[in-house]
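What follows is each chain in one-letter form.
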Amino acid sequence: MEDQAPNQPAPRGDRDLSVPLATWLRTQGFTALERAQADFVTVAASWHSPRHDRFELDYTWQRTPAGHAEATCRLRVCYAAEWDFTTLFTAQRVRRLSEARLLLLGNVRYANARTLALVSL
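Just so we're clear, the structure is a prediction, and the values are computed from it rather than from any experiment.

A. The arrangement of the packing of aromatic side chains in detail. Applying the stated rule across the entire model yields five aromatic pairs. Ring geometry for Phe30 and Trp47: centres 6.5 Å apart, planes at 35°, overall tilted. One end of the pair, Phe30, is in the loop between helix H1 (18-27) and strand E1 (31-36); the other, Trp47, is in strand E2 (residues 40-48), and 17 residues separate them in sequence. A relative accessible area of 4% places Phe30 in the buried class.

What follows is the structure, encoded as structure tokens:
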């Protein structure tokens, strides 16, 4: 019989999804930059549509002093003819990579821009 490590308690709060999220975003054509510190991790990612709209997705994972962790996503767009960003969603809590993907792919404005990009190929 093999020795097994004692059961470790699951971490409290949200998991750090920065590496798998950044990896997936790159497969979608985003440029993604990850930054990690002891209790704070971010992913800043951007994608330019064929119409030169700039979509930015920001992911933040943070451990609180109480030992809990929280992960959130934000998506915004700067349309080609405008100077300011329009927020498409903000402070959306994510616990799984699938939730982050659904938030992005389910956004109508982003989905329309991606469809246009695929048709333009």
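And the narrative resumes.
B. Spotlight on the side chain of Gln28. Residue position: Gln28 is located in the loop between H1 and E1. Within the structure, Gln28 has its side chain in polar contact with the side chain of Thr27 (distance 3.3 Å).

C. Structural detail: the sheet that holds strand E5 (residues 86-93). Ordered by their spatial adjacency, five strands build an open sheet running E1-E2-E3-E4-E5, and the pairing between neighbours is antiparallel. Either end of the sheet is taken by a strand with one partner, and the two such strands are E1 and E5. Ignoring which end each strand starts from, the neighbouring axes of this sheet average 10° apart. As paired strands, E1 and E2 are joined by six bridges and run antiparallel to one another. Bridge pairing in E2 links Glu34 to Val43. H1 contacts E1, E2, strand E3 (54-63) and strand E4 (69-78) of the sheet and is inclined by roughly 170° relative to E1. Where helix H3 (residues 108-120) meets the sheet, it contacts E2, E3, E4 and E5, and its direction lies at approximately 50° from that of E2.

D. Molecular detail of the pattern of salt bridges. The final tally for this structure, using the stated rule, is five salt bridges. Two residues, Glu34 and Arg26, come together in a salt bridge whose shortest N-O distance is 2.9 Å. According to the relative accessible area criterion, Glu34 is partly exposed, its value standing at 32%. Take Arg26: its relative accessible area is 38%, and that puts it in the partly exposed class. Here the salt bridges do not stand alone but share partners, grouping Arg54, Glu56 and Arg76 into one network.

E. Representation of H3. For H3, spanning 13 residues, the distance from its first C-alpha to its last is 18 Å, which sits close to the expected 18 Å at 1.5 Å a residue. Within the sequence span of H3, burial applies to Tyr110, Ala113, Arg114 and Ala117. The arc that holds the buried residues of H3, viewed along the axis, is 100°, so those residues lie on one side. Turned more than 90 degrees off the buried face of H3, the exposed positions are Val108, Asn112 and Val119. Structurally, H3 contributes buried residues whose contacts are with E2, E3, E4 and helix H2 (97-105). Backbone nitrogen of Arg109 and a side-chain oxygen of the N-cap are separated by 3.1 Å at the start of H3; the cap is Asn107.

Thresholds, definitions, all that
- Residues numbered from 1 in each chain as written.
- Predicted model: local features only at pLDDT ≥ 70, side-chain atom pairs only at ≥ 80, totals over all residues.
- Heavy atoms only, no water.
- Phe/Tyr/Trp six-rings, centres within 6.5 Å; stacked < 30°, edge-to-face > 60°.
- Helix = DSSP H or I, 4+ residues; strand = E, 2+ residues; numbered from the N terminus.
- Buried < 20%, exposed > 50% of the residue type's maximum accessible area, 1.4 Å probe, protein only.
- Polar contact = N/O pair within 3.5 Å; in protein donor to acceptor, adjacent residues only side chain to side chain.
- Pairing = 2+ DSSP bridges.
- Axes fitted to C-alpha atoms, helices over the stretch in contact; angles between N-to-C directions.
- Contact = heavy atoms within 4.5 Å.
- Salt bridge = Lys/Arg side-chain N within 4 Å of Asp/Glu carboxyl O.
- Expected span 1.5 Å × (residues − 1).
- Arc of directions from axis to C-beta.

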